[in-house]
Amino acid sequence: MTSPDTDLPPEGVRIAFVGKGGSGKSTVIGHLLAHWAEDGIPAAALDADEPGDEENGSLVEWADLADLGAPVYPAPARSGIRERAKQVTPAGGVLAVDTGAWIRKAGGTHFAVLSAVDLVVLTLAPTRMELDRAASVLAALEHLTEVGAHCPRLVICLTMVNPSAAAADETEATLREAGYQVLGTRVPRSDARDGYGQAFGRPPRLVPDSPMDKLAAELVAVAAEVSR
Ligand SMILES: Nc1ncnc2c1ncn2[C@@H]1O[C@H](COP(=O)(O)OP(=O)(O)OP(=O)(O)O)[C@@H](O)[C@H]1O
Ligand SMILES: [Mg+2]
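Residues numbered from 1 in each chain as written. Chains lettered and ligands numbered in written order. Predicted model: local features only at pLDDT ≥ 70, side-chain atom pairs only at ≥ 80, totals over all residues. Heavy atoms only, no water.

Q: Honestly, the sheet that holds strand S4 (residues 94–99) in this entry has me stumped. Any pointers?
A: Backbone-to-backbone hydrogen bonds join strands into a sheet, with any given pair of strands oriented parallel or antiparallel. Strands sit in the order S3-S2-S4-S1-S5-S6 across an open sheet of 6 strands; the sheet is parallel. Since the sheet does not close on itself, it has two edges, and those belong to strand S3 (72–74) and strand S6 (153–158), each with one partner. Adjacent strand axes in the sheet meet at a mean angle of 25 degrees, parallel and antiparallel pairs treated alike. Across 5 bridges, the pairing between strand S1 (residues 13–18) and S4 is parallel. Bridging from a neighbouring strand, Ala16 pairs with Val97 of S4. Relative to the sheet, helix H1 (residues 25–38) contacts S1, strand S2 (43–48), S3, S4 and strand S5 (119–124), its axis offset from that of S4 by approximately 165 degrees. (Pairing = 2+ DSSP bridges. Helix = DSSP H or I, 4+ residues; strand = E, 2+ residues; numbered from the N terminus. Axes fitted to C-alpha atoms, helices over the stretch in contact; angles between N-to-C directions. Contact = heavy atoms within 4.5 Å.)

Printed below as a string of structure tokens:
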């Protein structure tokens, strides 16, 4: 374990992960927790995926089945999310907040989560259709800004990326032109037996310099910058 050398504030930072169903939110968070733990960064997660929406397995369920290196707490009802998120944010560390599939209609727990975090990561598979479907998420964040509500800084993480296709470059260019910040690290689609797609229920594999390892470091750097 290397000693943590981060600029995270003493009170810690909170990062929400939002995105359409199946865009890889829970898979990414499971890996990030393990990498942060490995790097000596205090970490925890709050699972705000609504009950009954668990076809792919929730983060809480994964943490029950395998050691993710950091605790995962179920989120309370929507009105309690903000307070609970503050309570379970590790000092000098990171709280990752998982959310259920973003639905077009506003409501549910998503806005409660957005009000509780410093940074929001939109996970997005780089296809034309997913970009169109993400419009409702982007519009919701813009709406928060317009009405003067707390609006966390947004960064976009390309997931399920097929490294041999140009789609990710095109999507990234489109997003950048529109003024959005796209993370340098992309999460590849990996369906192999030991790939990200098969990780649920098992301890995340800690591969140095892998995309998840790099994403863990990049997000800590962005979160530290946001909290400054
Ligand atoms: N990088 C990846 N490569 C291949 N398969 C992946 C990858 N990430 C996730 N998967 C698979 O895709 C499915 C959806 O992933 P995951 O559950 O992480 O998405 P999610 O955004 O949390 O979905 P939900 O909104 O339903 O909670 C799962 O079967 C998972 O194993
Ligand atoms: Mg999920």
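Q: Help me out: how do you make sense of the nonpolar core in this one?
A: General note: in soluble globular proteins, nonpolar side chains tend to be found buried as a group. Counting 36 residues, the largest nonpolar core has Ile15, Phe17, Leu33, Trp36 and Leu219 as its most contacted members. The leading source of residues in this core is helix H7 (residues 211–226), at 8 residues. Judged by nonpolar contacts, the second largest core, of 33 residues, contains Ile81, Val88, Leu122 and Leu175. (Core = buried A, V, L, I, M, F, W, Y, C linked by side-chain atoms within 4.5 Å. Buried < 20%, exposed > 50% of the residue type's maximum accessible area, 1.4 Å probe, protein only.)

Q: Before we go on, may I ask you to explain the pattern of salt bridges in this structure?
A: If the charged atoms of two oppositely charged side chains come close together, the side chains can form a pair. Applying the stated criterion across every chain, the model contains 9 salt bridges. Arg153 is the partner of Glu225 in a salt bridge, and the nearest nitrogen-oxygen pair spans 3.2 Å. Of the two residues, Glu225 sits in helix H7 while Arg153 sits in strand S6, which places them 72 residues apart along the sequence. Among the salt bridges present, the one from Arg205 reaches Asp194, with a minimum N-O distance of 3.4 Å. Separated by 11 residues along the polypeptide, Arg205 in the loop between helix H6 (167–177) and H7 and Asp194 in the loop between H6 and H7 bring together distant segments of the chain. Residue Arg205 is classed as partly exposed on the basis of its relative accessible area, which comes to 46%. For Asp194, a relative accessible area of 44% puts it in the partly exposed group. (Salt bridge = Lys/Arg side-chain N within 4 Å of Asp/Glu carboxyl O.)

Q: Mind showing me how you'd approach H7 here?
A: Along an α-helix, residues three or four apart share an orientation, since each turn contains 3.6 residues. Over its 16 residues, H7 extends 22 Å from the first C-alpha to the last, a length consistent with the 22 Å expected when each residue adds 1.5 Å. Considered for burial, the residues of H7 that qualify are Met212, Asp213, Leu215, Ala216, Leu219, Val220, Val222, Ala223 and Ala224. Buried-residue contacts for H7 involve S1, H1, S4, S5 and S6. (Expected span 1.5 Å × (residues − 1).)

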